[in-house]
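Secondary and tertiary structure notes
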Number of protein chains: 2
Amino acid sequence: MTLTDKQLELIEEFGIYQESNGFQPAVARVMGLLLVSDKPELTFEEISETLNISKSATSNALNMLLNTGHIEYTTFHGDRKRYFRIKSSNWRELFNKKMEDLGELNNLLKRVLEVRERENPIYDQKLQYFISFLDYLKAQLPNLIEQWEKEHLKEKA
Amino acid sequence: MTLTDKQLELIEEFGIYQESNGFQPAVARVMGLLLVSDKPELTFEEISETLNISKSATSNALNMLLNTGHIEYTTFHGDRKRYFRIKSSNWRELFNKKMEDLGELNNLLKRVLEVRERENPIYDQKLQYFISFLDYLKAQLPNLIEQWEKEHLKEKA
DNA sequence: TCGTTAGTTCATAATTTACAGAACTAAATT
DNA sequence: AATTTAGTTCTGTAAATTATGAACTAACGA
């Protein structure tokens, strides 16, 4: 399979982005390839050859992405190969994870407030505000999504 | 300086959280310590000794955090030591960075749509939706913050 | 001006990570 | 039954990361 320069560039950029989210380089490239390739579904072999990564690295990457629910595959009868693609629900999940991550931070900060004993309560106040904002954001997010869906439908009509 | 078990535990948890945001372990622990310690300001020596990290690691961590604007310090006359503390604006900045990160993802995805040529446009649609949602979120965020500020004031009154 | 303190810099050691390559397995095909 | 295909697992290692310790510097105080 051949890719344009732009596609190769995007795979790298997306790869670096996903590395910053804690993915291994090879894993991030596999996601990138599945994302930018013209074909929506690729085989083990195509992935391995196109990205020039070994079979073992390819195997690990694909299993990792399968386990974490980032990709899925289909098969066709009379064909032993699996055809991998990005899970379409992936986007919402990716967003959810970012939000959960903020939730985790918020929980940590709440525990910080409980545990530390600063002589001067001024030091606690800004942290309180931030916690409160994160709580508010979390509470409002469903509304926001609902609103977007409304606007989006309007737009399409 | 002595810390309670809970404080030590929180430093570790916060440390691991910040490692996932790309900070080096020692740097993340220093942030954690400044966050959970009862004293809001700590010296180089206190940090190094409490966390049991070498002077060089402490030096690197503090300079790194100073350069990236996560901490700041004050001095007192007749005292050569610097007293480090977490920057209070740090929280909003931390949140901003998360949002910018989503913006970066969005830009990448827009370019993906431009570059890849899927035979079947169904594959593009879900991605379009997601992009559109991220745009919406970005646009609505200032309102959301404003609204929170209102509610927050009400609450306090 | 001599010693001490506060912190920096550099070379190196230790650890972690990420991947390749080879040997292997299980199923399907001939 | 033998071979090919599709993929896995295991072992070794190269590279990158992270921290240490020792030597150094700059400024202050006695």
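Cut-offs applied
Residues numbered from 1 in each chain as written. Chains lettered and ligands numbered in written order. Predicted model: local features only at pLDDT ≥ 70, side-chain atom pairs only at ≥ 80, totals over all residues. Heavy atoms only, no water. Near = heavy atom within 4 Å. Polar contact = N/O pair within 3.5 Å; in protein donor to acceptor, adjacent residues only side chain to side chain. Domains from an automatic or database assignment. Buried area = accessible area lost by both parts, 1.4 Å probe. Salt bridge = Lys/Arg side-chain N within 4 Å of Asp/Glu carboxyl O. Helix = DSSP H or I, 4+ residues; strand = E, 2+ residues; numbered from the N terminus. Nonpolar A, V, L, I, M, F, W, Y, C, P; charged D, E, K, R; others polar.

Looking now at the protein's contact with DNA strand D. Around DNA strand D, the structure places 17 residues, and the nearest of them are K55, S59 and R80 of chain A together with S54 and S56 of chain B. Sugar plus phosphate: this is where 56% of the atoms of DNA strand D within 4 Å of the protein reside. Here a phosphate oxygen of DNA strand D sits 3.3 Å away from a polar atom, N or O, in the side chain of N63 of chain A. The side chain of S54 of chain B places a nitrogen or oxygen atom 2.8 Å from a phosphate oxygen of DNA strand D.

Many authors give the size of an interface as the accessible area that is lost as the parts come together. All names here are of chain A. Per the domain assignment, the segments of chain A are domain 1 (5-86) and domain 2 (90-156). Between domain 1 and domain 2, the C-alpha centre-to-centre distance is 32 Å. Across the domain 1/domain 2 interface, buried area totals approximately 500 Å², and carbon plus sulfur atoms make up 52% of it. Taken together, domain 1 and domain 2 are joined by zero salt bridges. Counting every contact that joins domain 1 to domain 2 gives one residue pair in polar contact (both at pLDDT 80 or more). Where the side of domain 1 that touches domain 2 is concerned, the elements lending two or more residues are α1 (5-20) and α2 (25-36). Here the residues of the side of domain 1 that touches domain 2 sort into five nonpolar, four polar and no charged.

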